[in-house]
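# A structural walkthrough
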Amino acid sequence: MKIGIVQLKPLKGDIEGNLNKHLKFIDAALEKQPDLLMFPELSMTGYEPELAKDLANNSNDNRLIPLQEISDKYNIILCVGIPTRNNDELFISMIIFRPNKERVTYSKQYLYPTEKGIFTAGHTPYIISYDEENRIAPAICYELSNIEHIDYARKMNATVYMASVLNSVNGVDADIEKLSKIASTNQMTTFMSNYIGESGGYECAGKSSIWNSKGELIAQFDDKTEGILIYDTQTEAIDSITKLFV
């Protein structure tokens, strides 16, 4: 299975602008024929909790139709972040577009303390079952620090752990250490997709990374580059795409 992660600089609160960026990244990635491509936490809006109430929608938002069309046409799973709403409740969500299937909304189950006054915790765990050998556990940022989230992934026989994050320069090194340990302890290939630039008042750290199932770091971006890392879990080949985003 070929799995890609995106590192990008978000446009604050601009769903249409961020969608256009997503489409450019996806178009560039398609040349390498990935089976799955994941974007950072709340990638369609940037990590902007104070704007979430006005920006929140759901997986049926018509603006997201191009993503489903690409998923169907190119047989690719796309994981993008957006705040969602259910009545008066707001969620930090990942919309998962699957080829010719209904979209899945996975909402962050374990909230960071500062998020609890704005968002509601999700209550439905989820595993992306690609095939018998590739089962992907999606994680949204702070979830990677919660042992219950990791235990669920292991109990569900996940082979891949994918963290979609906003990670600041002050927190990234600790999370990199945690993710390496998650990989080695649970024998899961592990990914982290992060922002660069500024979002939600944080200076974002970049360093989007991939670890093999031994916990060894096998690919990592710097803190300034927008781009895509793609890893083939069978051949262990790495592709890096950056030139289109300079």
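A brief structural summary.

About the thresholds
Residues numbered from 1 in each chain as written. Predicted model: local features only at pLDDT ≥ 70, side-chain atom pairs only at ≥ 80, totals over all residues. Heavy atoms only, no water. Axes fitted to C-alpha atoms, helices over the stretch in contact; angles between N-to-C directions. Helix = DSSP H or I, 4+ residues; strand = E, 2+ residues; numbered from the N terminus. Parallel < 35°, antiparallel > 145°, perpendicular 65-115°, else oblique. Contact = heavy atoms within 4.5 Å. Nonpolar A, V, L, I, M, F, W, Y, C, P; charged D, E, K, R; others polar. Pairing = 2+ DSSP bridges. Phe/Tyr/Trp six-rings, centres within 6.5 Å; stacked < 30°, edge-to-face > 60°. Buried < 20%, exposed > 50% of the residue type's maximum accessible area, 1.4 Å probe, protein only. Arc of directions from axis to C-beta. Core = buried A, V, L, I, M, F, W, Y, C linked by side-chain atoms within 4.5 Å. Salt bridge = Lys/Arg side-chain N within 4 Å of Asp/Glu carboxyl O.

## Some details on the packing of helix α1 (residues 15-30) against helix α3 (residues 65-74)
- Their axes nearest at 11 Å, the elements α1 and α3 cross at an angle of 10°. Comparing their axes, α3 and α1 come out roughly parallel. Residues Leu19, Leu23, Ile26 and Leu30 of α1 pack against Pro66, Leu67, Ile70 and Tyr74 of α3.
- Residue composition of the contact of α1 with α3, by class: eight nonpolar, no polar and no charged.

## Focus: the sheet that holds strand β3 (residues 77-86)
- Strand order across the open sheet formed by seven strands is β5-β4-β3-β2-β1-β14-β15, with mixed pairing between neighbours. Either end of the sheet is taken by a strand with one partner, and the two such strands are β5 (104-107) and β15 (238-241). The sheet shows a mean angle of 30° between the axes of neighbouring strands, direction not considered.
- In this structure, strand β2 (residues 36-38) lies alongside β3, joined through three bridges in parallel fashion. Across the sheet, the residue bridging to methionine 38 is cysteine 79, located in β3.

## Focus: the packing of aromatic side chains
- Per the counting criterion, the structure on display carries four aromatic pairs.
- Measuring from centroid to centroid gives 6.2 Å for tyrosine 47 and tyrosine 202, while their planes differ by 65°, and the two rings are edge-to-face. With tyrosine 47 in the loop between β2 and α2 (52-55) and tyrosine 202 in strand β11 (residues 202-205), this pair connects stretches of sequence that are 155 residues apart.
- Taken together, a centroid distance of 5.3 Å and an interplanar angle of 80° make the contact between tyrosine 112 and tyrosine 142 edge-to-face. Separated by 30 residues along the polypeptide, tyrosine 112 in the loop between β5 and β6 (128-131) and tyrosine 142 in the loop between β7 (134-140) and α4 (147-155) bring together distant segments of the chain.
- The exposure class assigned to tyrosine 142 is partly exposed, which follows from its relative accessible area of 31%.

## Observations concerning α3
- Of the positions making up α3, those classed as buried are Leu67, Gln68, Ile70 and Ser71. Around the axis of α3, the buried residues are gathered within 160° of arc, so they sit on the same side. With respect to the buried face of α3, the exposed residues turned more than 90 degrees away are Glu69 and Lys73.
- At its buried positions, α3 is contacted by α1, β3 and β4 (89-97).

## Some thoughts on the nonpolar core
- Formed by 58 residues in total, the largest nonpolar core has its most connected members in Leu36, Leu37, Met162 and Ile228.
- The dominant element in this core, judged by the number of residues it contributes, is α1, at seven residues.
- With 20 residues, the next largest nonpolar core counts Val165, Ala183, Met188 and Met192 among its residues.

## Looking at the environment of isoleucine 150
- Locating isoleucine 150 in the fold gives a position in helix α4.
- What makes isoleucine 150 buried here is its relative accessible area of 8%.
- Residues in contact with isoleucine 150, not counting those within four places in the same chain, are Leu144, Tyr161, Ile182 and Asn186.

## Points about the sheet that holds strand β8 (residues 160-164)
- With mixed pairing, six strands are arranged side by side in an open sheet as β6-β7-β8-β9-β12-β13. This sheet does not close on itself; its edge strands, each paired only once, are β6 and β13 (217-220). In this sheet, adjacent strand axes meet at a mean angle of 15° when their direction is disregarded.
- Sheet topology note: the β6/β7 ladder contains three bridges and is antiparallel. The residue of β7 that forms the bridge with isoleucine 128 is isoleucine 136.
- Against the sheet, helix α5 (residues 172-186) touches β8, β9 (189-193), β12 (209-211) and β13, its axis set at about 160° to β9.

## Here we look at the pattern of salt bridges
- Summed over all chains, the structure comprises 11 salt bridges.
- Residue arginine 63 pairs with glutamate 16 through a salt bridge whose shortest N-O separation is 3.1 Å. Here arginine 63, found in the loop between α2 and α3, pairs with glutamate 16, found in helix α1; they are 47 residues apart in sequence, far enough to count as distant.
- Arginine 63 sits in the partly exposed class, given a relative accessible area of 29%.
- A salt bridge links lysine 32 to aspartate 239, with the nearest nitrogen and oxygen atoms 3.9 Å apart. Within this pair, whereas lysine 32 is found in the loop between α1 and β2, its partner aspartate 239 is found in strand β15, the two being separated by 207 residues in sequence.
- For lysine 32, a relative accessible area of 26% corresponds to the partly exposed category.

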